[in-house]
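Structural description and commentary
Residues per chain, in single letters:
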Amino acid sequence: MTTLPMPAGEAEARAVQDTLRSRVVLDEPGPPPGSGRVTGVDVAYDDERDVVVAAAVVLDGTTLDVVAEATAVGRVTFPYIPGLLAFREIPTVLSALESLPVDPGLVICDGYGLAHPRRFGLASHLGVLTGLPVIGVAKNPFTFSYEQPGPRRGDWSPLLDGEEEVGRALRTQDGVKPVFVSVGHRTSLDNACAHTLLLARDFRQPETTRRADALCRRALREATA
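This section reports on the structure supplied with the text. Please read these numbers as outputs of a predicted model, since none were measured by experiment.

Brief notes about the environment of Ala 194
Mapped onto the elements, Ala 194 comes out in helix 4 (residues 189–199). A residue is classified by how much of its surface remains accessible, and Ala 194, at 28% relative accessible area, is partly exposed. C-alpha separation for the pair Ala 194 and Pro 32, spaced 162 residues apart in sequence, amounts to 8.9 Å.

A closer look at the packing of aromatic side chains
Going through the model one piece at a time under the given rule, you end up with four aromatic pairs. The interplanar angle of 40 degrees and the centroid separation of 5.5 Å between the aromatic rings of Phe 78 and Phe 87 together place this pair among those described as tilted. An identical accessibility class is assigned to Phe 78 and Phe 87; each is buried. Each ring, one from Phe 142 and one from Phe 144, has its centre 6.3 Å from the other, and the planes form 85 degrees; the classification is edge-to-face. Phe 144 gets classed as buried once you look at its relative accessible area, which sits at 8%. Linked through ring pairs, Tyr 112, Phe 142 and Phe 144 together constitute an aromatic cluster. The lysine or arginine in question, Arg 168, covers the ring of Trp 156, its NZ or CZ lying 3.9 Å from the ring centre. The side chain of Arg 210 reaches across the aromatic face of Phe 203, ending 3.6 Å from its centre.

Some thoughts on the sheet that holds strand 6 (residues 156–161)
What the eight strands build is an open sheet, ordered 3-2-1-4-5-8-7-6; its pairing is mixed. For this open sheet the edge positions go to strand 3 (66–75) and strand 6, each flanked by a neighbour on one side alone. Neighbour to neighbour, the strand axes of the sheet diverge by 30 degrees on average, direction disregarded. Pairing between strand 4 (residues 106–109) and strand 5 (residues 134–138): three bridges, direction parallel. Bridging across to strand 5, Ile 108 finds its partner in Ile 135. Here helix 2 (residues 86–98) sits on the sheet in contact with strand 1 (37–46), strand 2 (51–60) and strand 3, set at roughly 45 degrees to strand 2.

Points about the nonpolar core
The biggest cluster of nonpolar side chains holds 35 residues, and the ones touching the most others in it are Val 41, Ile 90, Val 93, Leu 97, Cys 109 and Leu 126. Among the elements of the structure, helix 1 (10–21), strand 1, strand 2, strand 3, helix 2, strand 4 and helix 3 (122–130) are those that each provide at least two residues to this core. The leading source of residues in this core is helix 2, at seven residues. Residue contacts for Val 41: discarding those within four places in its chain leaves Ala 55, Ala 56, Val 93, Leu 97, Val 107, Ile 108, Cys 109, Asp 110, Leu 126 and Ala 212.

Things to note about the pattern of salt bridges
All told, the structure shown has 16 salt bridges when counted by the stated rule. Asp 18 is the salt-bridge partner of Arg 21, the closest N and O atoms lying 3.0 Å from each other. Residue Arg 21 and its partner Asp 18 are located together in helix 1, separated by three residues, close to a single helical turn. Asp 18 sits in the partly exposed class, given a relative accessible area of 34%. Residue Arg 210 is joined to Glu 207 by a salt bridge in which the shortest nitrogen-to-oxygen separation is 3.2 Å.

Side note on unusual backbone geometry
Positive phi, close to 60 degrees, is recorded for Arg 119, a residue that is not glycine. In this structure, Arg 119 sits in the loop between strand 4 and helix 3.

Quick look at the pairing of strand 4
Here strand 4 shows two buried faces, one formed by Leu 106 and Ile 108 and the other by Val 107 and Cys 109. Relative to strand 4, strand 1 runs parallel, the two being bridged by four bridges. From the neighbouring strand, Val 38 faces strand 4, where its bridge partner is Leu 106. One crossover worth recording links strand 4 to the parallel strand 5 by way of helix 3, and it is right-handed.

So, the environment of Pro 29
Along the chain, Pro 29 turns up in the loop between helix 1 and strand 1. Taking the C-alpha atoms as reference, Pro 29 lies 27 Å from Val 43; in sequence the two are 14 residues apart. For Pro 29, the residues in contact, after removing those within four places along its chain, are Arg 186, Thr 187, Ser 188 and Asn 191.

Cut-offs applied
- Residues numbered from 1 in each chain as written.
- Predicted model: local features only at pLDDT ≥ 70, side-chain atom pairs only at ≥ 80, totals over all residues.
- Heavy atoms only, no water.
- Helix = DSSP H or I, 4+ residues; strand = E, 2+ residues; numbered from the N terminus.
- Buried < 20%, exposed > 50% of the residue type's maximum accessible area, 1.4 Å probe, protein only.
- Phe/Tyr/Trp six-rings, centres within 6.5 Å; stacked < 30°, edge-to-face > 60°.
- Lys NZ or Arg CZ within 6 Å of the ring centre and 35° of its normal.
- Pairing = 2+ DSSP bridges.
- Axes fitted to C-alpha atoms, helices over the stretch in contact; angles between N-to-C directions.
- Contact = heavy atoms within 4.5 Å.
- Core = buried A, V, L, I, M, F, W, Y, C linked by side-chain atoms within 4.5 Å.
- Salt bridge = Lys/Arg side-chain N within 4 Å of Asp/Glu carboxyl O.
- Right-handed = clockwise from strand over helix to strand, strands pointing away.

Below, the structure is given as structure tokens:
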């Protein structure tokens, strides 16, 4: 796992993104959907106290049973700047992943990978630093455009920056708003969508995200009590 010092400001952070972006691997299919382990990561903040808590929840890729989980508490050390959110979250997310007693397998972020103005969102950043296959599954399309996919589970449409496909709007439940899937590192977009559908078995969001969200919120309440 690679660690980097926290950038001193916006210009330095963008330079770090430019350096790391060249290390993103896009020519691997990634682990087969429905097998191995899948890990959701998420964060929760207490802005008044500058506290950030990250959670990592490992599920069995076949049964979706919880295999392991870990949390980490940190301080917010980078300001909120659109497009640079990863720098607020990465250190604590890495700590949570390092605390896991098992290999995380495929990691799913509540955020973006290539669907990012600089093609280097949290999922790509995390993938490059850890070497793990990572995908991003977000709740909104960020700054990109898309046509509404068909109404049925599994329908999708391209998420576009001009004419470039940076991800997909994927319908995970009949008649429910789509999620927005993008490649982070070491997996294909087809594979990322297949994983997302299997993980979103009963709800709009993947079970990995739902479990990690609940855990980090609970850990934040305990850390700030």
